[in-house]
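# Structural characterization, general
Spelled out, the chains give:
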Amino acid sequence: MEFDTIAAISTPSGEGAIAIVRLSGPEAIGIADKLFRAPSGKQLATQPTHTIHYGHLADPWTEEVVEEVMVSFMKAPKTFTREDVIEINCHGGIVSVNRVLALVLRAGARLAEPGEFTKRAFLNGRIDLSQAEAVMDLIRAKTDRAMDVALNQMEGRLSKLIGTLRQALLESIAQMEVNIDYPEYDDVEEMTRPIMLEKALWVRSEIDKLLQTSSQGKILREGLSTVIVGRPNVGKSSLLNSLVQENKAIVTEIAGTTRDIIEEYVNVRGVPLRLVDTAGIRETEDIVERIGVERSRKVLKEADLILYVLNYSEALTEEDERLFEAVRDMDYIVVINKTDLPQKIDLDYVQQLAGDKLLVTTSLIEEEGIDQLEEAIAELFFEGQIEAGDMTYVSNARHIALLHQAHQTISDAIEAADLDVPVDMIQIDVTRTWEILGEIIGDTADDGLLNQLFSQFCLGK
Amino acid sequence: MPQYEAGTFDVIVVGAGHAGAEAALASARMGAKTLVLTMNLDMIAFMPCNPSIGGPAKGIVVREIDALGGAMGRVIDKTHIQMRMLNTAKGPAVRALRAQADKVLYQQEMKRLMEEEKNLTLHQGIAEKLVVEDGKVTGLITQVGGIYRAKSVVITTGTFLRGEIIIGDLRYSSGPNNQQPSIKLAENLEELGFETVRFKTGTPPRVNSNSIDYSKTEIQPGDEEPRAFSYETTEFIMDQLPCWLTYTNEKTHQIIDENLHLSPMYSGMIKGTGPRYCPSIEDKVVRFNDKPRHQIFLEPEGRNTREVYVQGLSTSLPEHVQRKLLESIPGLEKAEMMRAGYAIEYDAIVPTQLWPTLESKQLENLYTAGQINGTSGYEEAAGQGLMAGINAAAKVLGKEEVILSRSDAYIGVLIDDLVTKGTNEPYRLLTSRAEYRLLLRHDNADMRLTELGHKIGMISDERYAKFLAKKDRIEVEIKRLRGMMIKPNDITQQLIRDAGGSELKDGIRAADLLKRPEMTYDMIAQLTASEVELEDEVKEQVEIHIKYEGYIEKSLQQVAKLKKMEDKKIPENIDYHSISGLATEARGKLAEVRPLSIAQASRISGVNPADISILLVYIEQGRIAKIPS
Ligand SMILES: Cc1cc2nc3c(=O)[nH]c(=O)nc-3n(C[C@H](O)[C@H](O)[C@H](O)COP(=O)(O)OP(=O)(O)OC[C@H]3O[C@@H](n4cnc5c(N)ncnc54)[C@H](O)[C@@H]3O)c2cc1C
Ligand SMILES: Nc1nc2c(ncn2[C@@H]2O[C@H](COP(=O)(O)OP(=O)(O)OP(=O)(O)O)[C@@H](O)[C@H]2O)c(=O)[nH]1
Ligand SMILES: [Mg+2]
């Protein structure tokens, strides 16, 4: 059987210190060699099979070094898929592994469908017949999970933005189609090259922006700026540690332990966060601590999201209320910590102060409530309630690859428009762009155009 | 009614509308002994609606029919009153020819062709019942008890099945234009287990030309250049009749608003689904009520009649309201209405019950084509008729079936859409339905299909030889232009400057120069001093090929991918319900459509990529299992 070359992340996302991007297919080695830079300058293709090599991945278009990696090189047929296989081991974490995958896809691989490696293993005779059923179940299960994720993102900011781009393109396409199919209709404005060009340029600049967020944009480089605030000793540092799952911040029973700002990068259910622990905010005597407090206030202003921590077992103080005032117009989640201790706080009153903001109760000591908090963060983000500056979040490698394709097709359209190519030919690339963008948000229904056609224009005999 | 044996044929075609005429001619041409049985021999290829053939997408279908040896193009070339090439200011992919027909002459010419076709018998009669033996059709019985036996039957009864005409609150059982409806046949199909839907369409009033004040309208002449649909046409009609343009206005719209309660569309009397692309005037006014006016084209129905078709005014309002509407329109104030507009409801067969050959899945040897399959339009009907006729005959004669791909022809797109996706409104072809429209052009229909037409016996050796010679001239000329260098001498620079381009810095290949937007083939020909004078059609092909090479190449790459998926055949006996892993919806849809290839399967709505993967694994598993180890 003849196949193209596929690639995918083959470790669970976001977890583990090492992540693997796997390639399989006739071009696997060639693609790897395009990107891989060994210190000695050697080519993978010339190496013995089943060997591992240290080096860097570079962006072949800019020669910029992207990642430090170990590459395993395995020639067919003694591989899982019975094809040439390359495994790129890189640092764990969604940012770097996505970057590697995106690079591989740009270099010519196609993103594997769910379960496709296993499918190939089967089709190439690596897996025997009795396992075929299992393969089919696997494809189904993986796809369903992938669809869940896609659905989550669909309602998010990305899909909103893509939706807007698509609608803009669709209106032009529909107008063009009407010009073609109903050439005598005088009440439909003639689609012209300048109009088409203007739209295409706008769409391309929006795609550019999106791609920036994916490669070096604020969010992926820095994460969503998430600031933990609260009075001293409520458990801010403990919260940071729980989210990071490591002891990064010093936790003591002494109020005012944290003197300065501590930053940590974490990935919470696919949302990259730059977590900032702050010195407890209150008027203080200690001069060192005071600087910390002032800086805390400043960080607060620049935050995308605030985790406002309260103590479950203390009554609400004036300071707490003042803090509510300070964060009023921002996105925040109230975390009420220490639920293992007796309740002293008036939850109803807190909810009243918080208005429609979410309240999550936790006991960090008992490790309770963290799941709910993580869920709340992911939900806020994917539902688009958190505006990270004006950035939209693109980290999924499939999306990045598709955005690159869309960028190519819309650029083709722009180039053609510059060359005086007939509008209906330019439209071929515009339509293609519209389709590719549709793949990103999982909208490939092809009756969209006809619906637009007949709702936007009055046609008929 | 006593029955009698009325004759035995290879193929029987029921109906002689646009689908039936092509089906009968094709079947006979293929060498099958064919009977065409139709209700009224005076109504062969009758146009119940607009007197016009072609237009975007549809005009290309006519070219395709011609390239495959069908009749529509040849007939309209002899009987039109006007022809226009549309979209000439746009790219070559969307150019399309449209003709205004002389309706009566068209019918006569089609009838003559059919009468002259050897192997073809024409007979007037009404089919009422199919003869079915062992799940196969073996003939039919007519109203007068004639039993006709055949190996295949093609039904092309258009809008006749349980047809009902509706005007205002009047509703009566009828075929189009007050012909009799087909009720018995509809009942028989229902008994045989065919699933049907109720569709609706409509037509505008006709007025007498003598009563039109044309001075208040704009003239719409035909092209001065000679035009033809058929590649075989050598004689061109230059004496053309114009059409005329006028508009509705506030007053027209007010009349509609005031009388909307009398419209069967809005009183709930019409239940059938109408086509969105052919709304009635009342629909247009309601849905787009901010539009101050709508275009109305006045189209003569022929040379020997004064009847004029009022395009844009399709309606089922009561006759007296129609009169008022006409009176409100400039030029039609005194118009004498000869026929009122009306809506018609009818049964159509759910087309996913058909194979891509248009043969029924449940009843072997039965084919259906045309409006009965849920389409609308003469060209759509003719395209299907041609394919059904070809396939019915092929089956009888033991020849291979003929299925056009979406990348071969608009006819391929049409049939694939129908049998794969079905339709929930009368289906009309639009250029946007074709994903490879750059390949499916008006100009290259012969390049796409004549080879096939010849192979299956629809195109004569003589015509084929001519085609090959043309193809050869195109290829030779493209090669020549690719190889020849043009020097930046005075003559060249002058010509380029005159065309508005920028001068050459260096020598350039002729083909590359032609790629510049301002250059035409004729200019390049001047610079390259060709000895042979090529005909316009060849020049056009050369020009398009070279100019749009990049785009064509891209489309071809996409087609190559499609072909790969088309080559992955799905075994006919596959049991979708036994495939674990398929989503429930996909399972149901696949079992209904029973796609022939993975490509077709992936076009079914509700079947997602995971289902396709699973299907591939399943098929491959079967293949592996069959290889003895
Ligand atoms: C009122 C009206 C408005 C329309 N408007 C439009 C429009 O706006 N745009 C558009 O594109 N198309 C329109 N159409 C559709 C177009 O006319 C048809 O799509 C096209 O004619 C269909 O061709 P056909 O061959 O399938 O059927 P038809 O041309 O209808 O031919 C059916 C044939 O079957 C014969 N027949 C029927 N029953 C029997 C029987 N039991 N036994 C023997 N013979 C039988 C009939 O006599 C006839 O010859 C309209 C049609 C009508 C009636
Ligand atoms: N009982 C209980 N104690 C907790 C919980 N979370 C944190 N603590 C304790 O509370 C104390 C303060 O925790 P920190 O995380 O240092 O609090 P902080 O808000 O960072 O304090 P400062 O840095 O001083 O502002 C420590 O002794 C923690 O062990 C909890 O859920 N339950
Ligand atoms: Mg602290």
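Analysis parameters
- Residues numbered from 1 in each chain as written.
- Chains lettered and ligands numbered in written order.
- Predicted model: local features only at pLDDT ≥ 70, side-chain atom pairs only at ≥ 80, totals over all residues.
- Heavy atoms only, no water.
- Helix = DSSP H or I, 4+ residues; strand = E, 2+ residues; numbered from the N terminus.
- Rg over C-alpha atoms; globule rule 2.2 N^0.38 Å.
- Buried < 20%, exposed > 50% of the residue type's maximum accessible area, 1.4 Å probe, protein only.
- Contact = heavy atoms within 4.5 Å.
- Areas by Shrake-Rupley, 256 points an atom, 1.4 Å probe, with all protein chains shown as cover.
- Lys, Arg positive; Asp, Glu negative; His and termini not counted.
- Charge placed at Lys NZ, Arg CZ, Asp CG, Glu CD.
- UniProt positions renumbered as here; feature names shortened; annotations may be inferred.
- Domains from an automatic or database assignment.
- Pairing = 2+ DSSP bridges.
- Axes fitted to C-alpha atoms, helices over the stretch in contact; angles between N-to-C directions.
- Phe/Tyr/Trp six-rings, centres within 6.5 Å; stacked < 30°, edge-to-face > 60°.
- Lys NZ or Arg CZ within 6 Å of the ring centre and 35° of its normal.
- Patch = residues over 30% accessible without salt bridge, like charges linked within 9 Å, V, L, I, M, F, W, Y side chains within 5 Å.
- Salt bridge = Lys/Arg side-chain N within 4 Å of Asp/Glu carboxyl O.
- pLDDT = per-residue confidence, 0-100.
- Polar contact = N/O pair within 3.5 Å; in protein donor to acceptor, adjacent residues only side chain to side chain.

The helix and strand inventory of chain B stands at 21 helices and 22 strands. A globule of 629 residues ought to have a C-alpha radius of gyration of about 25 Å, and chain B, at 26 Å, matches this closely. When its C-alpha atoms are laid out on the principal axes, chain B stretches across 85 × 85 × 50 Å. Within the span of chain B, comprising 629 residues, buried residues form 61% of the whole. Considering only intrachain contacts with a sequence separation of at least 6, the fraction spanning at least 24 residues in chain B is 73%. For chain B, the accessible area works out to roughly 25,000 Å², and carbon and sulfur atoms hold 50% of it. The positive charge centre, built from 78 side chains, and the negative charge centre, built from 87, are 3 Å apart in chain B.

We now examine the UniProt feature "binding site: Mg(2+)" (unreviewed entry) in chain A. All names here are of chain A. The UniProt record annotates "binding site: Mg(2+)" (unreviewed entry) at S237 and T258. Looking at the element boundaries, S237 is found in helix α8 (residues 236–244). Exposure remark for S237: the relative accessible area of 8% places this residue in the buried category.

We note that the domain assignment places domain 1 (206–343), domain 2 (474–554) and domain 3 (568–621) within chain B. Taking only C-alpha atoms into account, the centre of domain 2 of chain B sits 49 Å from that of domain 3 of chain B.

Residues and elements named next belong to chain B. Spatially, the three strands line up as an open sheet ordered β3-β5-β4, and their pairing is antiparallel. Two strands close off the open sheet at either side, each with one partner strand: β3 (52–54) and β4 (80–86). Pairs of neighbouring strands in the sheet enclose a mean axial angle of 20°, with direction left out of account. With three bridges connecting them, β3 and strand β5 (residues 96–101) associate as antiparallel partners. Following the sheet pairing, G54 is matched in β5 by R98.

With that out of the way, let us pick up the packing of aromatic side chains. For the structure shown, the criterion picks out four aromatic pairs over all chains. Taking 6.0 Å as the distance between ring centres and 25° as the angle between the ring planes, the aromatic pair formed by Y464(B) and F467(B) counts as stacked. Linking Y464(B) with F467(B), this pair stays in helix α13 (residues 461–483), spanning three residues, or about one helical turn. Grouped by ring-pair contacts, the aromatic residues Y308(A), F324(A) and Y332(A) constitute a single cluster. Across from the ring centre of Y247(B), 3.5 Å away, lies the NZ or CZ of R293(B), which sits over that ring. Positioned over the ring face of W355(B) is K361(B), at 5.4 Å from the centre of the ring.

What follows is about a nonpolar patch on the surface. Taken together, the side chains of I52(A), Y54(A) and M70(A) define a hydrophobic patch exposed on the protein surface, amounting to about 290 Å² of accessible area. Topologically, M70(A) is positioned in strand β5 (residues 64–74).

Residue and element names in this part refer to chain A. Scored by pLDDT, chain A has a mean of 78; 70% of the residues are at 70 or more. Below pLDDT 50 for its whole length, residues 215–221 participates in 21 contacts with residues either more than four positions away or in separate chains. Throughout residues 386–393 the model reports pLDDT below 50, and contacts reaching past four residues in sequence, or to other chains, amount to 35 contacts.

Turning to the pairing of strand β1 (residues 4–14) of chain B, a few remarks are in order. The side chains of a regular strand alternate between the sheet's two faces. Residues and elements named next belong to chain B. In this structure, β1 lies alongside strand β9 (residues 146–155), joined through nine bridges in parallel fashion. Bridging from a neighbouring strand, E5 pairs with I147 of β9. Pairing geometry for β1 and strand β2 (residues 34–38), over four bridges, is parallel. In the sheet register, I12 faces β2, and the bridge partner there is L35.

Residues and elements named next belong to chain B. Summarizing the sequence annotation, UniProt attributes the feature "binding site: FAD" (unreviewed entry) to G15, A16, G17, H18, A19 and G20 in the numbering used throughout. Here A16 lies in the loop between β1 and α1 (18–29). The residues touching A16, leaving out its near neighbours within four places in the chain, are A21, V36, T38, M43, I44, A45, M114 and T156.

Overall, the coordinates contain 69 salt bridges over all chains when judged by the stated rule. R432(A) is the salt-bridge partner of E435(A), the closest N and O atoms lying 2.8 Å from each other. Of this pair, E435(A) and R432(A) both sit in helix α14 (residues 423–440), three residues apart, which is roughly one turn of the helix. Classification of E435(A) as partly exposed rests on a relative accessible area of 33%. A salt bridge links E364(B) to K395(B), with the nearest nitrogen and oxygen atoms 3.0 Å apart. Separated by 31 residues along the polypeptide, E364(B) in the loop between β19 (342–349) and β20 (366–368) and K395(B) in helix α10 (residues 378–396) bring together distant segments of the chain. Owing to a relative accessible area of 33%, E364(B) belongs among the partly exposed residues under this scheme. Through salt bridges with shared partners, a single network forms among R162(B), E164(B), R171(B), E190(B), R198(B), E345(B) and D347(B).

All names here are of chain A. Among the secondary structure elements, P26 is positioned in the loop between β2 (18–24) and α1 (28–35). Of the residues examined, P26 reaches a relative accessible area of 53% and is grouped as exposed. Spatially, the C-alpha atom of P26 lies 6.8 Å from that of E83, the residues being 57 residues apart in sequence.

Bringing the side chain of D66(B) into the picture now. Within the secondary structure, D66(B) is located in helix α2 (residues 58–67). Look past the residues within four positions of D66(B) in its chain and what remains in contact with it is R74(B), F229(B), S230(B), Y231(B), E232(B), I459(B) and R463(B).

Residues and elements named next belong to chain B. Examined against the element boundaries, Y148 turns out to sit in strand β9. Taking the C-alpha atoms as reference, Y148 lies 32 Å from T423; in sequence the two are 275 residues apart. At 3.3 Å, the side chain of Y148 forms a polar contact with the side chain of H123.

P77(A) follows A76(A) through a cis peptide bond whose omega is 5°. You will see that A45(B), though not glycine, has its phi angle at about 50°, which is positive. Position of A45(B) among the secondary structure elements: in the loop between β2 and β3. The buried category is assigned to A45(B), whose relative accessible area is 0%.

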